[in-house]
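# What the coordinates show
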Amino acid sequence: MRVRSRSLPRAHTHALGRTLGRTLGRTLGRGTRITAYVHALALAIVMAAPLALHAQRARPALDSAYRLGMRLETTDHYAEAADAYRAALRASPGSVPAALGLERVYAQLGRTDSLVPVLHQAIAAAPRQGELRAALLRSFATLGQLDSLRAAFDAWLRDWPHDATPYREYARLLLERGQTLLADTVLERAQATLGSPQGLELEFARTRAAMGMWESSAQAWRAALRDAPYYDQAAMFALAPAPADRRDGIRTILAAPPAETGARRVLASLELVWGDAAAGWRAIAFLRPDSDGVAAWFEFAQRAEQAEQWLPARDALVRVLGARTPPDAELAARAASDALAGGDAQSALQLVERAASSADSQAVASALLPLRVRALGALGRPEAAERLYQASATALDDEQRSALLQAVARAWVRAGNVERASALLARIPGGDSTEAAGWIALYEGRLAAARKLLPATRSPSIDLVEAQAFLARTARDSSPEAGRAFLALARHDTAAAAGQLEAAARTLPDAAPLLVTMAARLYAAHGDDARALPLWQSVVERTPSAPEAPEADLEWARALRRTGQSSAAVTRLEHLILTYPQSALLPQARRELDLARAAIPPAS
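First, a word on what this report is: a plain description of the structure on this page. (Residues numbered from 1 in each chain as written. Predicted model: local features only at pLDDT ≥ 70, side-chain atom pairs only at ≥ 80, totals over all residues. Heavy atoms only, no water.)

Attention shifts here to the overall build of the chain. Check the secondary structure of the chain and you find 33 helices and zero strands. Residue pairs at least 24 apart in sequence account for 52% of intrachain contacts in the chain once pairs closer than 6 positions are excluded. Surface exposure of the chain reaches about 30400 Å², of which carbon and sulfur atoms provide 54%. (Helix = DSSP H or I, 4+ residues; strand = E, 2+ residues; numbered from the N terminus. Contact = heavy atoms within 4.5 Å. Areas by Shrake-Rupley, 256 points an atom, 1.4 Å probe, with all protein chains shown as cover.)

Okay, structure coming up:
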């Protein structure tokens, strides 16, 4: 006859336990004494038997109801799903999946208040299931019942006095509600009680960042990243708003030895956001070429490209290339394209030739030809570009030949040989509507045609950015003076270009601040502060609302500091910071201000 587990009296259970204990004792040997442990083990076996039988019978009902609830929930039948999840909880009151399913569908139905008594029953059935207690906290937070929320947290602590989980869940909810100070108090209590912030690093990091305690937050993020490197994005977003005068502290903490990949990845991302991509690359350049290091380099390259920081992106891709075998031609071509966009044609040519030598198909090699021609053109070698076209033309189809011939024409355009470029374009169907034709129009001073033909691309070169900025700033349809200035730039005759830009500025008042700034940059690049400084000054004083005015103010101050006029430089930098508070140049201005002030001798 089968004994029903629910009708077994407690006295019979204990008696059966003692009997089983004596039997075990005889089995162990005549001289073996039955210890309290053996008795307890026997009792546990006896008492677990009916529970196991009950769980075995309840399991099919639980599984069936839970699966039904999932199907109904995924088809947006929330009320019916709630009925199914409740049935699963009746079969197994402590079922975490069923309770969480009910939490989800009640949230959709706006019935979170109905979840609370169900969770109380579930916790009573399974008091060691932290997920159930966390769901109860969430429910009270959703309902805005803050006293009940605190009471549920206190009850959890009473039952789990040495666990970080209650503190973590409560602090997260407080942070989500914007109660930063209270969350910090909870975390401090946790550290005092548990003796360590371990397991709470993420909450400490978020709280301290919200409170503006940037160095403390950085320390906590670094600790959190050791065990959870996937928090790198969260760390970057939390620390990015740090004001400029607090960033050095964050840098020091994330870069401190020993070098840790997670912390360095966050630092690299922060430097990108803060406008110093080169510093970002330096933060991770030394990493080992293992899977983590290569992933960090590749991720940085992608972000640098998005920020149009082409040369740091190129450097990161080159490092990835060095760690990959066999060579990756497409990746080398991408690095070369970044180098071209960043104005480093020499490294672009080296990379594209490397890519061509490792290309595993004729199609890849053919696709690299225009990039190689562009690099040669940027280096002022249009003859080499044309020879490359002639050597490759017979292996290309009509579309490829047309694209490559356009690239050769562009190379001649960059060299300032408009006649040769025009002759090549005449051999291309529709050659008068190409980008090269747009450059020719600009050099001839036909601004309206240039405005239509010069393309808007995602990865424009520096000269294209300057040309398009100029064309957008003036309403004039023609300007021979501006054409001569841009042609001189194409021929790398910077001295002539600077003078032509100044001349063009006198005839184009709507674009004058841009043209004068371009001229000043050329003079400054050649160390001619005597000619650059009055141009920076004229932009600031005559056109203070121009987009170039903050740059002119900064460069004016730098020129003053280089010539030993530190006090005047301080005046200019303070003017920049106060007059253009939204300028992206403010971090640079503040650094320059510190340097200028440090150069002023102390008053006697």
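This next bit is on the nonpolar core. Counting 187 residues, the largest nonpolar core has Leu-102, Leu-239, Ile-250, Leu-270, Leu-442, Tyr-443 and Phe-470 as its most contacted members. No other element matches the nine residues that helix H29 (residues 512-525) contributes to this core. Discounting residues that sit within four places of it in the chain, Leu-102 has contacts with Ala-82, Tyr-85, Arg-86, Leu-89, Leu-115 and Val-118. (Core = buried A, V, L, I, M, F, W, Y, C linked by side-chain atoms within 4.5 Å. Buried < 20%, exposed > 50% of the residue type's maximum accessible area, 1.4 Å probe, protein only.)

Tracing the backbone through its elements, the reader meets Tyr-230 in the loop between helix H11 (214-227) and helix H12 (232-239). Separated by 32 residues in sequence, Tyr-230 and Gly-262 place their C-alpha atoms 8.5 Å apart.

Once that is clear, we can look at unusual backbone geometry. Cis geometry is adopted by the peptide bond preceding Pro-258, which originates at Pro-257 and carries an omega value of 0°. Relative to the helices and strands, Pro-258 is located in the loop between helix H13 (247-255) and helix H14 (261-273). In the Ramachandran plot, Asp-76 falls in the positive-phi region, its phi being about 65° despite a non-glycine side chain. Judged by its relative accessible area of 51%, Asp-76 is exposed. Even without glycine at this site, Glu-308 takes up a positive phi of about 60°.

This part is about helix H5 (residues 112-125). Compared with an ideal rise of 1.5 Å per residue, which puts 14 residues at 20 Å, H5 spans 20 Å between its outermost C-alpha atoms and is within 8% of the ideal. Taken together, the buried positions of H5 are Thr-112, Leu-115, Val-116, Val-118, Leu-119, Ala-122 and Ile-123. In this structure, the buried residues of H5 make contact with helix H3 (78-91), helix H4 (96-109) and helix H6 (130-143). (Expected span 1.5 Å × (residues − 1).)

Note that Gly-199 resides in the loop between helix H9 (180-194) and helix H10 (201-210). Assessed through its relative accessible area of 33%, Gly-199 is described here as partly exposed. Remark: the alpha-carbon pair of Gly-199 and Ala-224, spanning 25 residues in sequence, is separated by 8.2 Å.

Time to look at the pattern of salt bridges. Counting across every chain of the model gives 35 salt bridges. Ionic pairing is found between Glu-555 and Arg-558, a salt bridge with its closest N-O pair at 2.8 Å. On the criterion of helical spacing, the pair formed by Glu-555 and Arg-558 is a turn pair, its members being three residues apart in helix H31 (residues 549-562). Arg-558 shares its class with Glu-555; the two are buried. Bridged by salt links that share partners, the residues Glu-555, Arg-558, Arg-561 and Glu-592 form one connected network. (Salt bridge = Lys/Arg side-chain N within 4 Å of Asp/Glu carboxyl O.)

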